[in-house]
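Commentary on secondary and tertiary structure
Now for the letters of each chain:
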Amino acid sequence: MTKAIEADPTSARADGRRGASVRVDGVDIRFGSFHAVRDISLDIAAGEFLCLLGPSGCGKSTLLSALAGFVRPYQGSLTVDGSPVTGPDPDLGMVFQSSEALFDWLTVGQNVAFGPRMRGRSRAEQSALADEYLGLVGLRHCAGRFPGQLSGGMRQRVQIARVLANQPRVVLMDEPFGALDAQTRQVMQEEMTRIRQATGCTVVFVTHDIDEAILLADRVAVMTAGPAASIKAVYPVDLPGPRDASAPEAAELRRALRQDIGEEVRKALRDQGLDPELGTDLGAEVGTGLGTKLGADLGTEEDR
Ligand SMILES: Nc1ncnc2c1ncn2[C@@H]1O[C@H](COP(=O)(O)OP(=O)(O)OP(=O)(O)O)[C@@H](O)[C@H]1O
Ligand SMILES: [Mg+2]
């Protein structure tokens, strides 16, 4: 499985482009009177892999949606290689947590060719791009099948191929492996590193999983609990590859991330009028997503 991708930077980026730099500058996002995120600033280098961690409901998806041009900030600016994000753009590819985003009535190959088709690429180009990016995620042999005939992990790989076929400069991923079983998730994490090397894209990757962030990221940004969530801390991940989140060299970073998230989950619980002691274990177990998930469900209820 891990041999499925033949990393070939020249063919993957035949146009010579690489990832774009992303600047988030003083961004505030509001939904009516609800203040979701406040004064967020992040400079993401071209080709960097940034993971966003934070308690559920804090605003990670909201920030990603703003980067994708789906949500307009109330204040502040978002720029990609210096150009403002004004709306959805094929240069900014979004991979959602659920592979329901795939078109069930199109074959896998047609799904991946969809973006190039919409942008008026010739039939030959569409099929070459579909072939290239299905090859990159190891699913060339599934081109003629329908999404409903694939496993969850395979559908997620199709979704990634479909986004990459637009040859985006920035890939935004919202808990893309959150619904997968632990083993498939591990395979996908390995593939992610290779896809990233093959394409040179800048990646902003939301996850609940501290170990996943340590495995994949160049830097990890931790968000505070909402409302009006901001960036609590940004950590560089200076570990040699191939990475092992349980390795002794990762212990200090892991501890710091668990502490930060634990504090924010407990804060979220307190804000909901719940016993913050509940969060003691939740913070420690945040790698499973349990604590943050609970935080989110409560937060959402409160917001209604
Ligand atoms: N369209 C919207 N209208 C009103 N409120 C919204 C909207 N979208 C998000 N919110 C609120 O903004 C806050 C942040 O939501 P968001 O989905 O970004 O959180 P999240 O960090 O991605 O959570 P999770 O980890 O559970 O996915 C939540 O309180 C949510 O209820
Ligand atoms: Mg979310």
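Keep in mind that this is a model prediction, so the values were computed, not measured.

With that settled, the discussion passes to the overall build of the chain. Summing up its helical and strand segments, the chain has 10 helices and 10 strands in all. Counting only residues that meet the buried cut, the chain has 45% of its 304 residues in that class. Contacts in the chain between residues at least 24 apart in sequence constitute 71% of all its contacts with a sequence separation of at least 6.

Spatially, the four strands line up as an open sheet ordered β2-β1-β4-β5, and their pairing is antiparallel. Because the sheet does not close on itself, it has two edges, and the strands there are β2 (34–44) and β5 (83–84).

A word on the nonpolar core. Core analysis: the biggest nonpolar cluster contains 78 residues, and Leu67, Tyr133, Ala161 and Leu172 have the highest contact counts within it. Setting aside residues no more than four positions away along its own chain, Tyr133 makes contact with Val112, Ala161, Leu164 and Ala165.

Next up on the list: the sheet that holds strand β8 (residues 202–206). The strand order across the open sheet built from six strands is β6-β7-β8-β3-β9-β10, with neighbouring strands paired in mixed fashion. Edge positions in the sheet fall to β6 (92–95) and β10 (231–236), since each has one partner strand and no second. Shown here is a sheet whose adjacent strand axes are inclined to one another by a mean of 15°, direction ignored. For strand β3 (residues 49–53) and strand β9 (residues 219–223), the ladder comprises four bridges, and the chain directions are parallel. Paired with Leu53 across the bridge in β9 is Val222.

Examined against the element boundaries, Leu215 turns out to sit in helix α7 (residues 210–216). Leu215 gets classed as buried once you count the C-beta atoms within 10 Å, which come to 23. Sequence-wise, Leu215 and Gln189 are 26 residues apart; in three dimensions their C-alpha atoms are separated by 7.8 Å. Setting aside its immediate chain neighbours within four residues, Leu215 contacts Gln189, Arg243 and Ala245.

Turning to helix α3 (residues 108–118), a few remarks are in order. In an α-helix, one turn spans 3.6 residues; hence positions three or four apart end up facing the same way. All buried positions along α3 are accounted for by Val108, Gly109, Asn111, Val112, Ala113, Gly115 and Pro116. Looking at the buried side of α3, the elements it contacts are α4 (123–136) and α5 (152–164). Just beyond α3, the residue with positive phi is Gly120, at close to 75°.

Time to look at the packing of α3 against α4. Running from N to C, α3 and α4 cross one another at 120°; their axes reach a closest spacing of 8 Å. By the angle between their directions, the pair α3 and α4 is classed as oblique. Two packed elements cross with a definite hand, and for α3 against α4 that hand is right-handed. The segment α3 lies against α4, with Val108, Gly109, Val112, Ala113, Pro116 and Arg117 engaging Glu125, Gln126, Ser127, Leu129, Ala130, Tyr133 and Leu134.

Moving on to the pairing of strand β4 (residues 75–80). Alignment of strand β1 (residues 22–31) against β4, held across five bridges, turns out to be antiparallel. Among the inter-strand pairings, Val24 is bridged to a residue of β4, identified as Leu78. In the sheet, β4 pairs with β5 via two bridges, with the strands oriented antiparallel. Bridge pairing in β5 places Val80 opposite Ser83. Between β4 and β5, which pair antiparallel in sequence order, lie two residues; one of them, Asp81, sits at a positive phi of approximately 50°.

With an omega of -5°, the peptide bond running from Gly226 to Pro227 counts as cis. You can see Pro227 is positioned in the loop between β9 and β10. Positive phi, close to 45°, is recorded for Glu175, a residue that is not glycine.

Model confidence for the chain is summarised by a mean pLDDT of 85, while 85% of its residues fall at 70 or above. Low confidence marks residues 1–15, where pLDDT is under 50. Its contacts with residues over four positions away, or in another chain, come to 27 contacts. Predicted confidence for residues 283–304 stays below pLDDT 50, and this span has 52 contacts to residues more than four positions away or in other chains.

Attention shifts here to the environment of Asp104. Relative to the assigned elements, Asp104 resides in the loop between β6 and α3. Since 9 C-beta atoms lie within 10 Å of it, Asp104 is described here as exposed. Distance from Asp104 to Phe146, taken between C-alpha atoms, is 6.4 Å for residues 42 residues apart in sequence. Every residue in contact with Asp104, bar those within four places of it in the chain, is listed here: Phe146, Pro147 and Gly148.

Turning next to helix α8 (residues 251–271). With 21 residues, α8 extends 30 Å from end C-alpha to end C-alpha; this agrees with the ideal 30 Å at 1.5 Å per step. All of the buried residues along α8 are Leu257, Asp260, Ile261, Gly262, Glu264, Val265, Arg266, Ala268 and Leu269.

Our focus in this paragraph is the environment of Glu190. Position of Glu190 relative to the elements: it lies in helix α6 (residues 182–199). Put simply, Glu190 and Arg243 are 53 residues apart on the chain and 9.9 Å apart in space, counted from C-alpha to C-alpha.

What counts, and where the lines are drawn
- Residues numbered from 1 in each chain as written.
- Chains lettered and ligands numbered in written order.
- Predicted model: local features only at pLDDT ≥ 70, side-chain atom pairs only at ≥ 80, totals over all residues.
- Helix = DSSP H or I, 4+ residues; strand = E, 2+ residues; numbered from the N terminus.
- Buried ≥ 20, exposed ≤ 12 C-beta atoms within 10 Å, placed from the backbone.
- Contact = placed C-beta atoms within 7 Å.
- Pairing = 2+ DSSP bridges.
- Core = buried A, V, L, I, M, F, W, Y, C linked by C-beta atoms within 7 Å.
- Axes fitted to C-alpha atoms, helices over the stretch in contact; angles between N-to-C directions.
- Parallel < 35°, antiparallel > 145°, perpendicular 65-115°, else oblique.
- Left-handed = near helix turned anticlockwise from the far one by under 90°.
- pLDDT = per-residue confidence, 0-100.
- Expected span 1.5 Å × (residues − 1).

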